[in-house]
Amino acid sequence: MKYKQNLVSGIKKEIAFEKEQEILKEKHHIENPDIVVIEKNNFFKLFLHTGSRVIRLTATILLLVLAAIGLTTIIYPTLRNDFFIILYDLKDQLIYLLGV
């Protein structure tokens, strides 16, 4: 009985390893069945992945805050008038700086 359990667990591990190898070979575009792909965790790769997620989250939050400010500016009439004054002043400044 003990031998059968070891045999079954060994076969399950081997099947799981083969499935993992198929996934890794597809990921790295390897078609040779004799090659075994071993993927190691890399600190630099982990740092880049985590950094990109943090930057993406920060950019999303910033975009939502700016969208809320813009929506508030358009909804309230006093803010809208001030915003248009600022836009006209910005246009005048650009025309002056560009010399048009």
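Residues numbered from 1 in each chain as written. Predicted model: local features only at pLDDT ≥ 70, side-chain atom pairs only at ≥ 80, totals over all residues. Heavy atoms only, no water.

K.L.:
Could you clarify how one ought to interpret helix H3 (residues 77-98) in this entry?
P.N.:
Every α-helix winds through 3.6 residues per turn, so residues three or four apart in the chain are directed the same way. Its 22 residues give H3 an end-to-end C-alpha distance of 31 Å, which sits within 8% of 32 Å, the value for a rise of 1.5 Å per residue. Gly99 sits one or two positions beyond H3 and adopts a positive phi of about 75°. (Helix = DSSP H or I, 4+ residues; strand = E, 2+ residues; numbered from the N terminus. Expected span 1.5 Å × (residues − 1).)

K.L.:
Sorry if this is basic, but what is going on with a nonpolar patch on the surface here?
P.N.:
A contiguous nonpolar surface patch, about 920 Å² in accessible area, is contributed by Phe83, Phe84, Leu87, Tyr88, Leu90, Leu94, Ile95, Leu98 and Val100. Counting through the fold element by element, Phe84 comes out in helix H3. Classification of Phe84 as partly exposed rests on a relative accessible area of 40%. (Patch = residues over 30% accessible without salt bridge, like charges linked within 9 Å, V, L, I, M, F, W, Y side chains within 5 Å. Areas by Shrake-Rupley, 256 points an atom, 1.4 Å probe, with all protein chains shown as cover. Salt bridge = Lys/Arg side-chain N within 4 Å of Asp/Glu carboxyl O. Buried < 20%, exposed > 50% of the residue type's maximum accessible area, 1.4 Å probe, protein only.)

K.L.:
So what exactly am I meant to see when it comes to the packing of aromatic side chains here?
P.N.:
Pairs of aromatic rings are described using the distance from one ring centre to the other and the angle between the two planes. Counting across every chain of the model gives 2 aromatic pairs. Aromatic side chains Phe43 and Phe47 sit 6.3 Å apart centroid to centroid with 25° between the ring planes, which places their arrangement in the stacked category. Note that Phe43 and Phe47 are positioned in helix H2 (residues 43-75) at a spacing of 4 residues, about one turn of the helix. The two residues Phe43 and Phe47 agree in class, both being exposed. (Phe/Tyr/Trp six-rings, centres within 6.5 Å; stacked < 30°, edge-to-face > 60°.)

K.L.:
How do you make sense of the confidence of the model for the chain when you look at a structure like this?
P.N.:
When the pLDDT values of the chain are averaged, the result is 89; 96% of them are 70 or greater. Confidence scores differ between elements of the chain, with helix H1 (residues 2-27) showing the lowest mean pLDDT of 84 and H2 the highest of 94. (pLDDT = per-residue confidence, 0-100.)

K.L.:
Just to check I follow, could you spell out the side chain of Gln21 for this structure?
P.N.:
Residue position: Gln21 is located in helix H1. Apart from residues lying up to four places away in sequence, Gln21 is in contact with Ile35, Val36 and Val37. (Contact = heavy atoms within 4.5 Å.)

K.L.:
How should the environment of Gly51 be read in this particular structure?
P.N.:
Tracing the backbone through its elements, the reader meets Gly51 in helix H2. When its relative accessible area of 29% is taken as the criterion, Gly51 is described as partly exposed. C-alpha of Gly51 to C-alpha of Ala67: the two residues are 16 residues apart in sequence and 24 Å apart in space.

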